[in-house]
Amino acid sequence: MSLYPSERQQWLANPRRDLLAGTVVALALIPEAIAFSLIAGVDPAVGLYASFVIAVTIAIVGGRPAMISAATGAMALLMVTLVRDHGLEYLFAASILCGVFQIGIGLLKLGRYIRFVSRSVMTGFVNALAILIFLAQMPELIGANWQTYALVAASLVIIYGLPRITKVVPSALVAIVVVSAFVMITGTPVRTVGDMGQMPTSLPLFHLPAVPLTWETLIIIAPISATLAFVGLLESLLTANLIDDITDTPSDKDRETRGQGVANILSPLFGGMAGCAMIGQSIINVTSGARGRLSTLWAGLFLLFLILVLQDWVARIPMAALVAVMIMVSVGTFDWSSLTRIRSIPFQSSVVMLATTGTVVVTHDLSKGVVLGVILSAIFFMRKVAKTIVVEADDATAPDELRYRVTGQLFFASADVFAASFEHHGHPRRVRIDMTQAHLWDRTGVAALDKVVFRYRRQGAEVEVIGVNETGRALVDRVGRHDKPDAPAPAH
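Residues numbered from 1 in each chain as written. Predicted model: local features only at pLDDT ≥ 70, side-chain atom pairs only at ≥ 80, totals over all residues. Heavy atoms only, no water.

**Q** Teacher, can you tell me more about the overall build of the chain here?
**A** Secondary structure assignment for the chain yields 21 helices and six strands. Per-residue burial for the chain yields a buried fraction of 53% across its 492 residues. Looking at the chain alone, contacts between residues at least 24 apart form 83% of all its contacts between residues at least 6 apart. Working note: accessible area of the chain is about 22700 Å², and carbon and sulfur atoms make up 64% of it. Of the charged side chains in the chain, 38 are positive and 35 negative; the average position of the first set lies 4 Å away from that of the second. (Helix = DSSP H or I, 4+ residues; strand = E, 2+ residues; numbered from the N terminus. Buried < 20%, exposed > 50% of the residue type's maximum accessible area, 1.4 Å probe, protein only. Contact = heavy atoms within 4.5 Å. Areas by Shrake-Rupley, 256 points an atom, 1.4 Å probe, with all protein chains shown as cover. Lys, Arg positive; Asp, Glu negative; His and termini not counted. Charge placed at Lys NZ, Arg CZ, Asp CG, Glu CD.)

See the structure below:
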């Protein structure tokens, strides 16, 4: 029996909630897509078209229903240099190659290895994103007039207060509609979506990148494309994990990896740039009640409808209402319980979480924080496992015989402890090393076993190694020396 819901369930389980949630997402996508376009140094239409194409595509081919993918700040930051030095057409080409890399990673089924990201790294990642989402609203608040603060406060009252009365309609959507209507009727002087930039007036058209198909072009775009592919998949798969936890439903990470690649190939073919999952918009979607693919599809389609048909109305939406929605997302995303757990969880877990959060917030680069967190987790894990190797002396049957029983994992981190655990005083004639309860993992572990055996042989002892399991024996046969015919014999 499959763990995943059927395609019909993924699309039509609750159409009304999906459509309402997608409407909220589409409204919140517009200013963000424009802002990310400006960060990358391209026309706002590039980010808006990308958000439409990627959302629609990922709704169909993605592996995480209800997750929103579009143009993102993390990807936009990586595009700045390429656009500045080579122009928009090279960005289109780099985005296509990014998609090709991601499809390759998906076909190799590497997406599933996101499970090796520890819970501490995930918590640090989520908390950092919550902080960045909140900080991203500061430009709209710092130096703003009092009316802006009043509208933000009013929007938050609606967002948090309405669910106490009814949950029929997402409170974020009600807040946007009510506050927008108030501003339009009263003419309150506040910044609006229209102040963010000019929106496109035509449908996206098919377009092949106008770049020479040469090795020089590949050399220019390949490093950027590889970085975009890595960062995009990292953010997408971690966001998928988060949505899995919130909705208590599984996702297909390999399908999501391939889907991101398909979306990033199609986006530049219709005038967009590469993108990935958006944690803020995904949280808005699921907290507004969405659980199916229809929400993501509708978010993309309604976004296009808004910018082409209703752009005059959309341009008048006050940024204060959208800022309030993002503040709600920030507060809801942050794992507040992680602060109270710091004293109760292991010290190493706290270090990993805080290092991940701090690095992401300081650098505004998700990949740096997550990679650091994964490295720290690996180091702490190896230190812990290295201490589990135990060498115990057993009772010998003769005075000139030594018997040892090894327990634990023998690999590069525990090799030195293993080698130092044997007694080399005296001159035993026979030494037996029982590896029944141990496991050999790598070449360094085999080298440590060789070292112990040869040290005893130089003292004139005959050494017998027993109990090595099948996997360990295969490793010893390949790289070990102590059991080979040309190995040094005991000295006499």
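Once you've had a look at it, read on.
**Q** Whenever I open this one, the sheet that holds strand β3 (residues 390-394) confuses me. Can you help?
**A** Pairing between the strands of a sheet is mediated by backbone hydrogen bonds and can be parallel or antiparallel. Read from one edge to the other, the open sheet built from four strands follows the order β3-β4-β5-β6, with strand pairing classed as mixed. Sheet topology places β3 and β6 (462-466) at the edges, where each strand pairs with a single neighbour. Here the strands of the sheet are splayed against their neighbours by 20° on average, with no regard to which way each runs. When strand β4 (residues 401-410) meets strand β5 (residues 430-440), the two strands line up parallel, connected through nine bridges. Directly across from Glu401, in β5, lies its bridge partner Arg430. (Pairing = 2+ DSSP bridges. Axes fitted to C-alpha atoms, helices over the stretch in contact; angles between N-to-C directions.)

**Q** Sorry if this is basic, but what is going on with a nonpolar patch on the surface here?
**A** A cluster of nonpolar side chains, namely Leu108, Leu110, Tyr113 and Phe116, defines an oily patch on the protein surface of about 460 Å² accessible area. Locating Tyr113 in the fold gives a position in the loop between α5 (88-107) and α6 (119-135). (Patch = residues over 30% accessible without salt bridge, like charges linked within 9 Å, V, L, I, M, F, W, Y side chains within 5 Å. Salt bridge = Lys/Arg side-chain N within 4 Å of Asp/Glu carboxyl O.)

**Q** What exactly am I supposed to notice about α5 here?
**A** Since there are 3.6 residues in each turn of an α-helix, residues three or four apart along the chain are aligned in direction. An ideal rise of 1.5 Å per residue puts 28 Å on 20 residues; α5 measures up with 29 Å between its terminal C-alpha atoms. What α5 keeps buried is the set Tyr90, Leu91, Phe92, Ala93, Ala94, Ser95, Ile96, Leu97, Cys98, Gly99, Gln102 and Gly106. A positive phi of about 60° marks Lys109, the residue just after α5. (Expected span 1.5 Å × (residues − 1).)

**Q** Please explain the side chain of Ser251 as it appears in this structure.
**A** Counting through the fold element by element, Ser251 comes out in the loop between α10 (215-247) and α11 (253-269). What makes Ser251 buried here is its relative accessible area of 7%. A polar contact of 2.9 Å, which involves the side chain of Ser251, links it to the side chain of Asp244. (Polar contact = N/O pair within 3.5 Å; in protein donor to acceptor, adjacent residues only side chain to side chain.)

**Q** Got a minute to help me understand the layout of surface pockets in this structure?
**A** Sizing a probe to match a water molecule and rolling it over the atoms shows the empty space that remains. One number sums up the size of the largest pocket: a volume of about 830 Å³. Along the walls of the largest pocket sit 30 residues, with Glu32, Phe36, Gly73, Leu132 and Ala136 positioned nearest its centre. Of all the secondary structure elements, the ones that give two or more residues to the lining of the largest pocket are α2 (15-40), α4 (73-86), α6, α7 (138-141), α12 (279-287) and α15 (319-333). The greatest single-element share of the lining of the largest pocket, amounting to six residues, is contributed by α2. For the lining of the largest pocket, the per-class residue count stands at 21 nonpolar, six polar and three charged. (1 Å grid on protein atoms, 1.4 Å probe; cavity = no way out; pocket = protein on both sides within 12 Å on 5 of 7 lines; lining within 4 Å. Points joined across faces, edges and corners; volume = space filled by probe spheres on them. Nonpolar A, V, L, I, M, F, W, Y, C, P; charged D, E, K, R; others polar.)

**Q** What's the story with unusual backbone geometry in this structure? I'm lost.
**A** Of all residues except glycine, most have a negative phi; of all peptide bonds, most are trans. In this model, Ala66 sits at a positive phi of 75°, which is unusual for a non-glycine residue. Inspection of the secondary structure assignment puts Ala66 in the loop between α3 (44-61) and β1 (69-70). Exposure remark for Ala66: the relative accessible area of 1% places this residue in the buried category. A positive phi is found at Asp248, a non-glycine position, where the angle reads about 55°. Mapped onto the elements, Asp248 comes out in the loop between α10 and α11. Residue Asp248 is classed as exposed on the basis of its relative accessible area of 70%.

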